[in-house]
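Tertiary structure, described
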Amino acid sequence: MWKEISNLENSNKSLVNNIIRPPFHDERESEENVNLMDYWRIILRQRWTIISVLVVFTVIVTIGTFKMKPVYQATTTLRISREAPKVLSFEDVVKTSGLNYSGDDFYRTQYEIIKSRTLADKVIKRLNLDQHPEFAPTDEDSPIDGIKTALVMWLSNAVGSEKTLTGGIWDKDFEKSALIDAFLRRIEIQPIRNSELVKVNANTYYPDLSALITNTLAEEYIQQNLQNKTVTTIDASGQLSEQLVELKGRLEESEMALYRYCEGNDIVALDEKQSILQENLKRISTLLTEAEAKHIDVETMCAVLKNADVESIPAVIKSTLIDDLEIEYVKANAEYLFELGRLKPDHPAALRIKTQMETIKQMMDARVQRFKDGMELEYKQALAKEEELRGKLEDLKKEVLVIAKKTIPYKSLEREVKANTELYNGLLQRMKEAGVSSGIKTTNVQVVDGAEIPKVPYKPKKKLNILLAMLVGLTFGTGLAFFLDYLDNTVKGPDDVENRIKLPLLGFVPTIEDLKNSEGENGTDDTFRKDLIAHYELRSSASEAYRTIRTGVLFSSPDRKVHSILVTSAYPTEGKTVTAVNLATVLAQGNDSVLLIDADLRRPRIHKTFKIDNSKGLTNLLIGEASMDEVIQESPVENLYVLPSGPIPPNPSELLGSKSMDELIEKLKGKYARIVIDSSPMVAVTDARIIATKVDGCICVIRAAKSDIRGTKRAKEQLEDIGGRFIGAILNNVSMDRRSSYGYYYYRYGYYHHYYGEDEKKDT
């Protein structure tokens, strides 16, 4: 066994990190899984809170549900159309009366009418509901109703109201109002989406009454609808009659005004005359435009004839006669040049040809001149025609303006006559329709399904109520659990140690009480065996945890050896002494000489754990009253020696901070391979901070689910401020329930322990 332990200490550093880190810290886990596991751990820690809230909610709702009086619901289904069936086209009559029966506003209006107090009063009177036990006051009224009644009475007396109670019965007005309120509370309107259907529900304690109320309410609603339509039709007819007389007078007056205007302005067929003038104006405008264009073309041609070579003008070039003369001229010129080649210029033949050429030239000039004269004549004619058309156009414009001036009042009077005529005819038609419609009883409301007497209660819905209570209780309990966990500032797991306190985790120690009678042999002194569990219960989970911590301590400083170790905690009762004892034990099991010093000079306990004499110890050694051989004692553990505290001094801090303490630690380092020092808590006194400056490293013991994070972090910072060096932290008293954060690790180690235990039994 010792050889295996030695091999474990010499393993590589990566293996050590894997050993000391619990499985749920596997770095391969995604952040999402880690968060979900955190939530699950909170639920496990607060499971009794959740279960308690769930049970309370469920029990209360269940009791209340079974004590409730059953309520029966009857339903009448109505179809409410947007408008009444059209016997005649009378929708305008409704518009005339100022009502609007279109859109969602119409249906909301109808729902409010169904639940109106007027309609409720009619149903109450028709069914004599004031005498029915459903609405009559009884001794079974709830305490809330009694409080309401007393409050109303007090207010009535306070304001000096004349309404008083007589014989325990309210006066008529108040009783009627209260009865209507009670009736309306039992009525529900349930529209069916995307349809014209609506369900009218009545909820009472009597099934026959529920059906009777909803059927009667539907009948009264339909009857009231018919009455309203009749009244509306009659009112509309009266309004139409008055408007018809007024419109008739306005129509006659507008017709007479139009006649007088036509007679005074000699207007006959004004529209036809205006149309002819417009046509002539359009035609003259077109002719004028064409004349202006021709005038411009001729004027341009004349300007060209004055400034350019006439023979280059396209019209002259295209002339056939000019072409013929040019051909004759070219032939004569060619012949003349030929004769000059063999005759003299004064030869008669040459003179004859030259004379012929001059004659042709004169004929061409004469033709060009006639073209110029023709263009000038055409220019004068175009100009004259343009002036004539412009004059006619101006005359037509003046005439059109005169007619247009007369048309404006004429059109206005004509429009007024036409509008009055249309209004008069429309009102006359509606007047006739109103007369016919007043005698026809039609409604836009129909009963689709009448109410039947319900066979089973509508509520309470026991299963649903209980299920909802469980759901609400579970939700509220879970929320309360997370809230309480948020308020809980204690260390719950390795994440709090590493991320919030900022200390590396060397390992965790399970709750030793959880392991009693489960492993090893039971001794007569259970407390003694628990405090030295690493010695007496080698196969226990706690012993394995301490060995894991030992490995972490040994590899915490690879560059230098940690000779002296201070074991402390922020608060008392966090298990630092038991941790120091067992850590020293597992260090001694590695064949190293280890000295365990009890430096807790306030409440020393190590001598009780080992059951040794404490009459002499550390205090005697520091003040020079004893030697090391006198005070250092052997323990039941091989290679482990104990230096008890000795008598408690009046000034522990001064004694621990003395130079004698420094010299003592240096001497002990040369004699022992490891020194483990147990001290007082850091928050209570300053002893631990004094010793921390004299040792190679400190270990902070943190009790799971008890140590305060803020206090532990503050104590750790105070120790570091004065030069103390932390090796890491040990999470103590961790629950090994498989449902807790560490359950899987404990289960795994327990399986191996059971496996090896079975092998040992077989070997035995």
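See the structure above.
Note that the coordinates shown come from a computational prediction; the quantities given were computed from them, not determined experimentally.

1. Re the overall build of the chain
Along the chain, the regular secondary structure elements total 28 helices and twelve strands. Out of the 764 residues belonging to the chain, those deemed buried represent 39%. Taking as baseline every contact in the chain between residues at least 6 positions apart, the subset at least 24 positions apart corresponds to 82%. With an accessible surface of roughly 44,100 Å², the chain has 54% of that area assigned to carbon and sulfur atoms.

2. With respect to a nonpolar patch on the surface
Residues Trp48, Ile51, Val55, Val59 and Ile63 make up a contiguous nonpolar surface patch of roughly 490 Å² in combined accessible area. Of note, isoleucine 51 is situated in helix α4 (residues 47–67). Under the relative-accessibility criterion, isoleucine 51 is labelled partly exposed at 38%.

3. Looking at helix α6 (residues 104–114)
Buried residues of α6: Phe106, Tyr107, Gln110, Tyr111 and Ile114, and no others. All buried residues of α6 lie within an arc of 135 degrees about the axis, which places them on one face of the element.

4. Description of the sheet that holds strand β3 (residues 197–204)
Strand order in the open sheet formed by four strands is β2-β3-β1-β4, with antiparallel pairing between adjacent strands. Of all the strands in the sheet, just β2 (187–191) and β4 (445–449) have a single pairing partner and so form its edges. When strand polarity is set aside, the average angle formed by the axes of neighbouring strands in this sheet is 30 degrees. Across eight bridges, strand β1 (residues 72–80) lies against β3 in antiparallel orientation. The partner of threonine 77 across the bridge, within β3, is lysine 199. α6 contacts β1, β2 and β3 of the sheet and is inclined by roughly 140 degrees relative to β1.

5. Focus: the sheet that holds strand β5 (residues 505–510)
Ordered in space as β5-β12-β11-β6-β10-β7-β9-β8, the eight strands form an open sheet in which the pairing is mixed. The two strands at the open ends of the sheet, each matched to only one other strand, are β5 and β8 (633–634). Bridge count between strand β7 (residues 594–598) and strand β10 (residues 674–678): five bridges; the pairing is parallel. The residue of β10 that forms the bridge with valine 594 is arginine 674.

6. A short note on the side chain of asparagine 444
Here asparagine 444 lies in the loop between α14 (348–437) and β4. Taking relative accessible area as the criterion, asparagine 444 reaches 4% and is therefore assigned buried. In this structure the side chain of asparagine 444 is engaged in a polar contact, spanning 2.8 Å, whose partner is the backbone oxygen of serine 81.

7. Topic: the pattern of salt bridges
In this structure the tally under the stated criterion is 19 salt bridges. A salt bridge links arginine 108 to aspartate 105; the shortest N-O distance between them is 2.3 Å. With a gap of three residues between them, arginine 108 and aspartate 105 both fall in helix α6, about one helical turn apart. Classification of arginine 108 as partly exposed rests on a relative accessible area of 49%. Because the salt bridges share partners, they merge into one network encompassing Asp121, Lys125 and Lys176.

8. What about the packing of aromatic side chains?
Counted according to the given criterion, the structure contains six aromatic pairs. With 6.0 Å between their ring centres and 65 degrees between their planes, tyrosine 39 and phenylalanine 482 make a pair best called edge-to-face. Placement of the pair is tyrosine 39 in helix α3 (residues 31–45) and phenylalanine 482 in helix α15 (residues 462–487), with a sequence separation of 443 residues. Given the relative accessible area of 29%, phenylalanine 482 is considered partly exposed.

9. Re the packing of helix α19 (residues 541–554) against helix α20 (residues 576–588)
Running from N to C, α19 and α20 point in directions that differ by 75 degrees, and their axes come no closer than 9 Å. The pairing of α19 with α20 is recorded here as roughly perpendicular in orientation. Within the contact between the two elements, α19 uses Tyr546, Arg547, Ile549, Arg550 and Leu554 and α20 uses Val578, Thr579, Asn582, Leu583, Val586 and Leu587.

10. Quick look at a positive patch on the surface
Where like charges cluster on the molecular surface, the positive patch consists of Arg500, Lys502, Arg710, Lys713 and Arg714. If you tally residues by element for the positive patch, the top one is helix α27 (residues 709–721), at three residues. Structurally, arginine 500 is set in helix α16 (residues 494–500).

11. A few points about the nonpolar core
Taken as a class, soluble globular proteins show a tendency for nonpolar side chains to be buried jointly. Core analysis: the largest hydrophobic core is formed by 45 residues, its most contacted members being Leu618, Ile677 and Leu731. With residues near it in sequence (within four places) discarded, leucine 618 still touches Ile597, Asp598, Ala599, Leu601, Leu643, Pro644, Ser645, Gly646, Leu656, Met661 and Leu664. Counting residues in hydrophobic clusters, the runner-up holds 35 residues, among them Ala584, Phe610, Leu640 and Val642.

12. Quick notes on the packing of helix α7 (residues 117–127) against helix α9 (residues 172–185)
Contact geometry of α7 with α9 gives a least axis separation of 10 Å together with a crossing angle of 95 degrees. On the basis of the axis angle, α7 is roughly perpendicular to α9. Residues Arg117, Ala120, Asp121, Val123 and Ile124 of α7 form the contact with α9, whose participating residues are Lys176, Ser177, Leu179, Ile180, Asp181, Phe183 and Leu184. Within the contact of α7 with α9, the residues separate by chemical class into seven nonpolar, one polar and four charged.

13. What to know about the pairing of β5
Walk down a regular strand and you will see the side chains alternate between the two sheet faces. For β5, a buried count of six out of six residues is recorded, marking the element as mostly surrounded by other parts of the structure. Where β5 meets strand β12 (residues 726–734), four bridges bridge the pair, whose relative direction is parallel. Looking at β12, one finds that proline 510 is bridged to valine 734.

14. Some words on α20
The terminal C-alpha atoms of α20, which comprises 13 residues, lie 18 Å apart, in line with the 18 Å expected from a rise of 1.5 Å per residue. Burial within α20 is extensive, with 13 of its 13 residues counted as buried.

15. Notes on the pairing of strand β9 (residues 640–643)
Of the strand pairs in this sheet, β7 and β9 are connected by four bridges, and their pairing is parallel. Its bridge partner being in β9, leucine 595 is matched across the sheet by tyrosine 641. Where β8 folds back onto β9 in an antiparallel hairpin, the turn is made up of five residues, including asparagine 639, whose phi is positive at roughly 70 degrees.

16. Things to note about the state of the cysteines
Summed over all chains, the structure comprises zero disulfides. Summary of cysteine pairing: cysteine 698 is not part of a disulfide, and the nearest cysteine sulfur, belonging to cysteine 700, is at 9.4 Å. Overall, the relative accessible area of 0% leaves cysteine 698 in the buried class. Relative accessible area serves as the criterion here: at 0%, cysteine 700 is assigned to the buried category.

17. Notes on the environment of phenylalanine 482
Note: C-alpha distance between phenylalanine 482 and tyrosine 39 (443 residues apart in sequence) is 8.5 Å. Once residues lying within four places of it in the same chain are set aside, the contact partners of phenylalanine 482 are Tyr39, Ile42 and Ile43.

18. Here's the deal with the environment of leucine 643
Take leucine 643: it is sitting in strand β9. Along the primary structure leucine 643 and glycine 617 are separated by 26 residues, whereas in three dimensions their C-alpha atoms are 6.1 Å apart. Ignoring sequence-local partners within four residues, the contact set of leucine 643 consists of Leu595, Leu596, Ile597, Asp598, Gly617, Leu618, Leu621, Val631 and Ile632.

19. Topic: unusual backbone geometry
Look at the link from lysine 459 to proline 460: it is a cis peptide, with omega at 10 degrees. By the element assignment, proline 460 lies in the loop between β4 and α15. For asparagine 639, which is not glycine, the phi torsion reads 70 degrees and is therefore positive. Residue placement: asparagine 639 occurs in the loop between β8 and β9. Here asparagine 733, not a glycine, exhibits a phi torsion of approximately 60 degrees, which is positive. Following the sequence through the fold, asparagine 733 ends up in strand β12.

Criteria and thresholds
Residues numbered from 1 in each chain as written. Predicted model: local features only at pLDDT ≥ 70, side-chain atom pairs only at ≥ 80, totals over all residues. Heavy atoms only, no water. Helix = DSSP H or I, 4+ residues; strand = E, 2+ residues; numbered from the N terminus. Buried < 20%, exposed > 50% of the residue type's maximum accessible area, 1.4 Å probe, protein only. Contact = heavy atoms within 4.5 Å. Areas by Shrake-Rupley, 256 points an atom, 1.4 Å probe, with all protein chains shown as cover. Patch = residues over 30% accessible without salt bridge, like charges linked within 9 Å, V, L, I, M, F, W, Y side chains within 5 Å. Salt bridge = Lys/Arg side-chain N within 4 Å of Asp/Glu carboxyl O. Arc of directions from axis to C-beta. Pairing = 2+ DSSP bridges. Axes fitted to C-alpha atoms, helices over the stretch in contact; angles between N-to-C directions. Polar contact = N/O pair within 3.5 Å; in protein donor to acceptor, adjacent residues only side chain to side chain. Phe/Tyr/Trp six-rings, centres within 6.5 Å; stacked < 30°, edge-to-face > 60°. Parallel < 35°, antiparallel > 145°, perpendicular 65-115°, else oblique. Lys, Arg positive; Asp, Glu negative; His and termini not counted. Charge placed at Lys NZ, Arg CZ, Asp CG, Glu CD. Core = buried A, V, L, I, M, F, W, Y, C linked by side-chain atoms within 4.5 Å. Nonpolar A, V, L, I, M, F, W, Y, C, P; charged D, E, K, R; others polar. Expected span 1.5 Å × (residues − 1). Disulfide = S-S within 2.5 Å.

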